Every structure is written in structure tokens, then in C-alpha cells.
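Here is what each chain is made of, one letter per residue.
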Number of protein chains: 2
Amino acid sequence: MSDRAEMIARAMGKKKAETVFKNGNVINVFSGECIRADVAVCDGMIIGVGNYEGEKEIDVSGKYIAPGFIDSHLHIESSMTTPANFVSRVLAHGTTTLVADPHEVANVSGKEGIEFMLAEAKRLPCNLFVMIPSCVPATPFESSGAVMNAEEIAVFKGRENVAGLGEMMNFVGVTAGDSSVLEKLKVFSGDHDNIDGHAPRLGGNALNAYRLAGITTDHECTTEDEVAQRVRAGMMVLAREGSAAKNLTAIIKAVQKLGFGYERIAFCTDDKHIEEIRSCGHISYNIKRAIELGVPVVDAYKMATINAARHYGFKKLGAVAPGYQADLVILDDAEKVKIHSVWYCGGKVSENCEPAVIEEAEIPSALLNTVNIGELSPEMFKLPVRNQLSPVIKVIPGEIVTEREDVSLPVENGYFKPNKEYQKIAVIDRYRGTGEASIGVVAGLTLSGAIAATVGHDSHNLLVIGDNDEDMLAAVKQLEQLGGGFILVKDGEVLEQLPLPVCGLISDAAPEETEAKLRYMTEIARKMGVPEDIEPFITTSFLALPVIPRLRITNKGIFDVVEQRFLEI
Amino acid sequence: MSDRAEMIARAMGKKKAETVFKNGNVINVFSGECIRADVAVCDGMIIGVGNYEGEKEIDVSGKYIAPGFIDSHLHIESSMTTPANFVSRVLAHGTTTLVADPHEVANVSGKEGIEFMLAEAKRLPCNLFVMIPSCVPATPFESSGAVMNAEEIAVFKGRENVAGLGEMMNFVGVTAGDSSVLEKLKVFSGDHDNIDGHAPRLGGNALNAYRLAGITTDHECTTEDEVAQRVRAGMMVLAREGSAAKNLTAIIKAVQKLGFGYERIAFCTDDKHIEEIRSCGHISYNIKRAIELGVPVVDAYKMATINAARHYGFKKLGAVAPGYQADLVILDDAEKVKIHSVWYCGGKVSENCEPAVIEEAEIPSALLNTVNIGELSPEMFKLPVRNQLSPVIKVIPGEIVTEREDVSLPVENGYFKPNKEYQKIAVIDRYRGTGEASIGVVAGLTLSGAIAATVGHDSHNLLVIGDNDEDMLAAVKQLEQLGGGFILVKDGEVLEQLPLPVCGLISDAAPEETEAKLRYMTEIARKMGVPEDIEPFITTSFLALPVIPRLRITNKGIFDVVEQRFLEI
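Our subject in this report is the structure included herewith. The model shown is predicted, which means the values in this text are computed figures rather than measured ones.

## Things to note about the overall build of chain A
Stage number 1. Counting its regular elements, chain A contains 17 helices and 29 strands.
Stage number 2. For 569 residues, the compact-globule estimate of 2.2 N^0.38 gives 25 Å, and chain A sits close to it at 25 Å.
Stage number 3. Taking the principal axes of the C-alpha coordinates as reference, chain A spans close to 90 × 50 × 45 Å.
Stage number 4. Per-residue burial over chain A gives 64% buried out of 569 residues.

Structure, rendered in C-alpha cells:
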């Protein structure tokens, strides 16, 4: 540890720096230049860019030096791996700062889930900022593992690594002036707070109201009009390129067409799978793609670094300049974003895109054994049909939106009888042991047997689909015993299972194992009848999300998102 | 007062806004556009930009709506008028936010001076942010009315309207790692603090060290190289256009040549006289001049608004967008910066560049009667000449730098005897009643009689120049009685005087009166012999400043700035 005076003496060149990256091409996010220089580091900080000698010198001739990349909005849980594993993988691709909203674990484990993330934030070799989830649960049409109101959120305000309030998805509540929503926003209304948004298609005066309420970002833009309106209203547009939603190209093209410049754009992934991170990169991919689209090289790096840092008030992040943290990405090629090595606080964490070596944390017991179904019986899946025409959830290949079909269902003794066309779908409260469940009908999966999961956005209740009650029951029972995960059952036999013991969302195995298992289970699901153009586990994980049209099922019933009401079979 | 829900309802257009500026051309600092729209205001905030109806509607068809301007670095005291008068005058020219460093009053009255500014900041109809003076006194070669070390500075940290630490002029101390300097910087090293710089000609590794120490602005740039180095090092360049120092043109041309864009530039005045503000404008002039130099119109307004707001962390200032404070400048012409009216928090404060009507504050007694000389006698001005050649301060027409002449002085009975070429100059400690004084010789003023002042940067001791001890004594005595100001005495008679009762720096009269008086006194000074090309009161106010070459006089002696040592006559 150097004291301030010694740091300054080293910056002056009166004394050697600890580490000097010699003779690199420094990407300067302030001047927009790329400048040949040495970067001197001491005590985890950049102390100077210029001509320096170091106790340790690293020759980076011909290479580029960029600031560590910032993912300005993401949910780590979507990767189904632990924060340690996730950070290990994204560091390999140059991301040293994460603005993470742990709303998945919060929906399952409430404040214990957030505390786990905050504990990891302190420990992990990256800048992990936590946005406190604003919407737990996401809607009143479902029960989640926790309900977090303004009072419970306020506990986290001002805590180390807390950067503000997470994406306010309830834009309807905001613009209606719902008092419980406004109370949450008020908690984070200080001059140094941030509130993230999520407001697809919101515009005009409603967008003004949403921004007035203190919300300053949106990562849900997909159209030129959305980009234009948000930038004009003073919001940052977070250009998202994740596994499901890929909006970067549209946003960059919109900005180019609008002629706004890139000052108000930052990069995010929202949800990105480990496999895709490994094959395509993380924020590094956003940079590369932006450059391919004609963005000037340094502007592309600015969107990945200083633009986000400045927005969120991370004063020591996002630049290679004196007084900034020594989070550095050394690149063989700046245009193609070919990464040579990644450094966090002046220490090397990855080379050749190899995962960083990070020890796993012990998972707090509150995040384990989160599946509590209660008494089970085959009767629970019986579905009486009372109407002539009953609403059916129709799965659409390659989409997460669903359709509503009103059909005359096959019936036996007054109860729905599944066939090749229609199967049962049930969502069971998995938190309180109430056995509270709702049963519906799904079409498009042509499933024979049962598939069950505890990953079901955003409340993550237990969802099971099947063509017979016995397999469905077996799947639920076994999943409860596992503590959550994905499972496939046929003829009373467990064909394969993926345990996700942490909140029923996250594996404690290496992410590569998890991915391999999921690929294998997808193949088995195909044999069970799921068509080639439907991803069985992604599809199931969205069937309970009552904010995406059209028909959904939650633990409280079958819900028509357009009509905003529950329906009867 | 509207509550949040009502504000949102009004933003939604469900209810009329309080005030709507109808059909203006809104200067959008985020998109870089100028957009035809209504601006809706409620409770001092902008609630929406779009289509709105208001309880009160103001037609601004054909006019432009800009955010209120920000002066990112200034000293109000330099105007010799009270904060109330000063704010009244700058509001008329569109400046609604001031980042003021009260280091003049702090040098005289220490924390009482700062408290006065903070009290005014709360009261005045503008956003007055105070940077706590970092250099009181400016150098160890003089005594000022107060000494403020880190501990005394720390008292102000976190106080309302305090935005950080004022210009760190002691760049030598910073780069040398001087512990008392580093302690002051440490007080304001938090993530939400700002530290302003002042580092003419500093460059290379020394600039790195200066930036590393936490200093993030510089308003002393005059050359392309200085601009380039500061921007690259991550500092904001504050383009200054004041009464004495006019650097805007050079800086804008440098940025254009460098191709950096204007993101890292903000505007300031540093020191600007009321007369010049009235005739040329304030920050409005910086905008106009920048546009004349070819800066795109909206970029010019950005430098005057959002760039500064973003740098200092004023999250609700600097833009016309929902969630921003309704500080608005309505313009008849955006390119020529022709101001129609100025609005602070939604209320009109000026029209047709008329001064805003603001009540004066009662001046705290600690800021009055600050001139305390002690026992006076004609003997105090006797100057024994011991050397063959004695150093003389040579005043240069049109400059504040001086020259050193080593001459054989006219002597009578071993004492210096003034003549037309050489007069006496004395600096007397005006704070402690010690009678501590130093006497030297000045050339170039050809003064007959005596001129005295309590404005003497930065310590503001009492400075008197004369060709005879009697007039000098009379001037000092009378100035003490006045409580400070400027005075002209000849043949024992007070020819004219300008009382500056507040800290001996500031008049309590209308600034127009002060200016008229100063112009009149300048004419009298001409009749007393001061050449046409020397401004008598500006010149005297800098003769005691031991940081500008070459020869100066402080209350501690005659000081050679280049040799950094005191000299004997």
C-alpha cells in the first residue's frame, strides 16, 4: 500500500511505478483518440499515462489498452450459474463492471437473495453494483417467494455496492401514480441515486411522466422512435444484446439515422447465457458489432465504458487516465475486439479469454431448499371443464409471446383429458407449502410425459406440463426433493434432471456442465414430442410471466394479459 | 405544492400543468436538436416537453427555450458587489447557476465569509453552489485575515449548496506531495465530491500527478497543448471569458483543431465586472462567441449547461426535459443569444435583460470593519536604504506582470526620498492591528499624492502608494475608518473615496454607482499622474499577489516571484 504522497511521487516519475504497461495504444475515451503511451499503475489505480518506468514492466507494443467494459444492466441469475462462475466467465471477455439487478433471487428469497449478491459484490474480483429490485413480485397476479415494499427496499439504500433501484417494470403503476410504486421510487430519489427503467413502447406524455418519476434508463428500446423519445427526454438508452433479446443493431442504426451521436447510449446484455458468452463474447460483442455497423472505434468503446460510468456516477471507472481504477483490457486488435488479457485493479484476471479463477462462496442456507409444495396428491391435477369453449395457451415457435385459443376441450367424466394436441399445464406455489395451484391447458408442445421447472419468470413458482397426472406428480415430487431445477419424466421414470439448488434457479456445478446437461435434456424433450422449433426450457420459463401477451398461467389462475383478467376453463 | 402523484397526473396531461410555455423551439442538449414543443412546468420542475395545456399559458411561438446557463467557476467578490446584486445582474443574462469559490471573503473573514455565502446561497433566486476555498492564504509569503487548514475546511463538507473544494492553486504543493495540501484534498475525496483546479502550464507527468490527486477541472488553459493534455487526462476544461482573462477563443479553436468534440468543455467567467456583464453579457457571451467561432448552436448551449451540470453532479440542472428544474432562458434568437426572459424554478426573474429584483441581505458584523491597522505614525513609512542598488517594482502598462529594476535610489539622510520616477509602496497587515508593514519602491505610476486600497489579491491587506508620508498616512487612516475601499489623497485632502465596507472588498451600494465612482476616481488618479495606459485600481489590486512574476510586495516584504525569496532595499 502506497500512501497518497508516494502515489504522487510515482505519478511524477520520481519513483518507479509498481506496474507499467509499456508502449501500448491507449484508447482515450475523453479525447476520442488512440495514443501511444505507457500506463503506470500503483495500488490498483492508474497513476499516469505517458512515459513511465515500473518495478514490473509489461510490454504491450502493438497492442491496445482499453478501460474494463461495463454491463449497464443484467440479471446474473439468468445464466443459471453462481455469481462467482458468472464473473469468472465475463471477466474473460473484458467485462470488469456489472450493474446487476438480482430480481430473480429476490423473487425467491427476498432480502436474503439480495444480501447474498451484496456479499458476493464485496468479494468478487470485479465491480459488482447491485440495483435493488423494484418489482418483487412483478405483478399482483401471482405469488412469489417474497414481497418487497418500499420499507424493505429502503434497508438497502446507501449500502456499499448499491447503485440504486432496479428496473421499474411497472410503468403502468408509475404513470397511474400508484402510491406503493411512488413510495419505492422515493426511496431512491436522492441526488446520487439511480433508477433503472423498463418501458417498452411507452411514449409521449406517459414517457415524460415516467422520466419525471426519476427513471433515467431504458434497456427495452427496439425502435427508432423509442430511441429518439428516450434520448430527447434525457434518458440513457441501454443498447441490449442478450441471448433472447438482440436490439443493438436496431438501436445503433436508429442513432445513426437520428444523428444524435452516441453520448446517451450505453451497452448491456440483460440476460445472456454462458454458452453464448463463451462463443460470442459479452459486452465485447456489443463493441465489435457497433464497430461493424460503422460506429467510430473509440465511440464504440465509450458506450462500453465511460458512458455507463458517467451515468451511474462511477467516478473512478470507465477510462484509462490518472485517478481511474486500473481495470484494463489489453487487446490484440481494437476493431475486432480481440482480447489479449484482462486486468482488474491492476491484477491480471484472465488471459486468452480463459475464465478467471475464483473460489466459490458458500451458499447461504436461506437460498437452498426453496421448494416447498406441501401435501401432494394425484387429484390436484384434475381439471373440471365447465365451459363450452375453454381458453388454451398456444405456444408459438421461436417466440415468447403466446396466443389464446378458445376451443372445445376433450373431456372425460367432466374433466379435461389430455391428448397429443392439448396437455395440462399447472403452476404450483412453491414457497408456502399451501399446495395452491392453478391448472390450464397448453397447445403446441405435443408432449408425451411430463416436464417441470422451478425457473418461471418472474415469480419462479413450480411449473409442470404433462399429458398424464402420474408423470406430472412424479416430476413435481422429485423436483421438490432436488430443491428445484428442470426435470423430464415419462411412464413414472425420471429420464433426466438438472438440479438448480440455489433458489431453484442456479446450479452449483460448473456452467459448462449445466449447459451440456441442458443440451442433452433438450434432445430428450424432443423425443418426448416437443417440436424442433421450440426451446422446451426457455419456453416453459416464460409461460408464467403475466406481462407478456397473450395468455399466461400463474399460481393464481389463467391470465389474459391483453384483457388483464383471469379466465375459467 | 403538488405531491408526486399529482405531478405525474399533470405530466400525463390528465390535469393541466401550472404553467406551459406554448409552442417554443426547445434546445435539446441530449439529442442535439431544436424541437418545436410546449414545455410544461409544475412546482418549479419541468414535468414534460410535448403537447400540454396549462392553468397559465405563455406563448413563446418563434422563440427558443434553453436551460438556464451555468457559470462553472467564478468569484463573486471580484465584481465588488454583493451576492444579491451580482445574482440580480447575471440572472438578467440567463445565468441561473453559479459555482462560486468565495476565496476573497475567506481570505479576509475566514469561515464567516463562507457562511455568509452559504446563507446567501440558500436565499437567492438561483442555484448558487459554493466551492470551499482550498488556498487561504494563497501562499506562505503573506498574512491574510484567516488561515484555513484541512480541519477548518472539513466543517463545510456535506453542507447544503457545497459542491466541493475550490481551485487548488498550489499545484506546486500538490505535485510535491505536501502533506497539508493533501490533507485538504482528502477531505473532498468522496465519490460525490468535486475538486477544482488551477494549473497554468502544468503538463506531462506533473499533470498526471495533479489529476491523480483528485483535481478534475482547469480554468487556466490558454494554449492548444494545455487543452489537449487536460482533456486527455480526463479533466474538464472550463473555457474562461472574464474581464481580465479572455481565453474562450483560443480554447474553442484548440478543440476544433484537435477534433475532440465539445463534451469536455464547460464555460466560466472566473472574474467579470458588472459593467462588462451589462454591456456584453455573462455566460451568454461565451455561447455567442462560441457560435461565432463555428461551434454548432446546440453544442454551444451544452457547454453552457449540461456539460457543467454533469461534471459537478447537478442531476436536476442543465436541460429542458422532464425531471429537470424549470430554469429556463427564453430567447428571441438562439444564434445571437438574444434573451427575451429568464426563469428560475418556473418563476420569471428577468425580462429584456433587466436586473432581477432581489432584496439585500443584512451583512453579518464579522464581515464589516475588517480593517484593523493599530497605532499609526508617520514614521512607519520611513524606508532606510542599505544597498547600493535596490530592487524596484516596475509597473508595465496593460499587464499585471511586473518587472524588477535594480536601481540606485534617491536618498535623504539614509532614507528613500520619492520623486516623480519612484514612489513608496507599502503593504500593511490590516487584520491583526500589529502595524506589521513592509515598504518598497514602485516605478511607472508617476504618482503625486497617495492612493490606497484594501483590495489586494489574494490576502487583501492594505496597500498604499505615495510620494509623501503624510498623504500615505492620511489615506490609510481614512481607509481604516471607512472599513476598506479605495481612496485618493493629495496635500492632506481626500480627493475621492469608494467605501467597500464588506470585507474591504465589496460595496453595499448599487453596482452602477460603484462603477460610476470608480470611473470618476480613475480620472482623478490620471490627474495625480497615473499614465493613461495603467488602470490604477486594478494594478494596485495585483501588486501584492506573490504568484505572478516578477516583483511583488506583501505585508512580509518585497518578494521576487522568480527567485522565490524576499529582497532588501
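## Digging into the pairing of strand 2 (residues 34-42) of chain A
Residue and element names in this part refer to chain A.
Stage number 1. Inspection of the sheet shows strand 1 (residues 17-27) paired to strand 2 by seven bridges, in the antiparallel sense. Pairing of V26 across the sheet is with I35, part of strand 2.
Stage number 2. Here strand 1 folds back onto strand 2, and the loop between the two strands holds six residues, one of which, G32, carries a positive phi near 80 degrees.
Stage number 3. Where strand 2 and strand 3 (residues 45-50) come together, five bridges link them in antiparallel fashion. Each bridged residue has a counterpart across the sheet, and for V39 the counterpart in strand 3 is V49.
Stage number 4. The turn joining strand 2 and strand 3, which pair antiparallel and follow one another in sequence, is formed by two residues; a positive phi near 55 degrees is taken by D43.

## A closer look at the packing of helix 9 (residues 224-232) of chain B against helix 10 (residues 248-258) of chain B
Residues and elements named next belong to chain B.
Stage number 1. One way to put it is that helix 9 packs onto helix 10 with a least axis distance of 9 Å and a crossing angle of 65 degrees. Between helix 9 and helix 10, the angle falls in the class roughly perpendicular. At the point where helix 9 passes helix 10, the crossing takes the right-handed sense. Across the interface between the two elements, E224, V227, A228 and R232 of helix 9 pack against I251, A254, V255, K257 and L258 of helix 10.
Stage number 2. Here the residues of the contact of helix 9 with helix 10 sort into six nonpolar, no polar and three charged.

## A closer look at the relation of the copies chain A and chain B
Stage number 1. When chain A is fitted onto chain B, the two copies agree to an RMSD of 0.1 Å after a turn of 180 degrees and an axial shift of 0.1 Å. The operation mapping one copy onto its partner corresponds to a two-fold rotation axis. By C-alpha distance to the rotation axis, the residue of chain A lying nearest is A:H192, at 3.8 Å.
Stage number 2. Most of the interface of chain A is mirrored in chain B, where 100% of its interface residues are also at the interface.

About the cut-offs
- Residues numbered from 1 in each chain as written.
- Chains lettered and ligands numbered in written order.
- Predicted model: local features only at pLDDT ≥ 70, side-chain atom pairs only at ≥ 80, totals over all residues.
- Heavy atoms only, no water.
- Helix = DSSP H or I, 4+ residues; strand = E, 2+ residues; numbered from the N terminus.
- Rg over C-alpha atoms; globule rule 2.2 N^0.38 Å.
- Buried < 20%, exposed > 50% of the residue type's maximum accessible area, 1.4 Å probe, protein only.
- Pairing = 2+ DSSP bridges.
- Axes fitted to C-alpha atoms, helices over the stretch in contact; angles between N-to-C directions.
- Parallel < 35°, antiparallel > 145°, perpendicular 65-115°, else oblique.
- Left-handed = near helix turned anticlockwise from the far one by under 90°.
- Contact = heavy atoms within 4.5 Å.
- Nonpolar A, V, L, I, M, F, W, Y, C, P; charged D, E, K, R; others polar.
- Least-squares fit on C-alpha atoms with pLDDT ≥ 70 in both.

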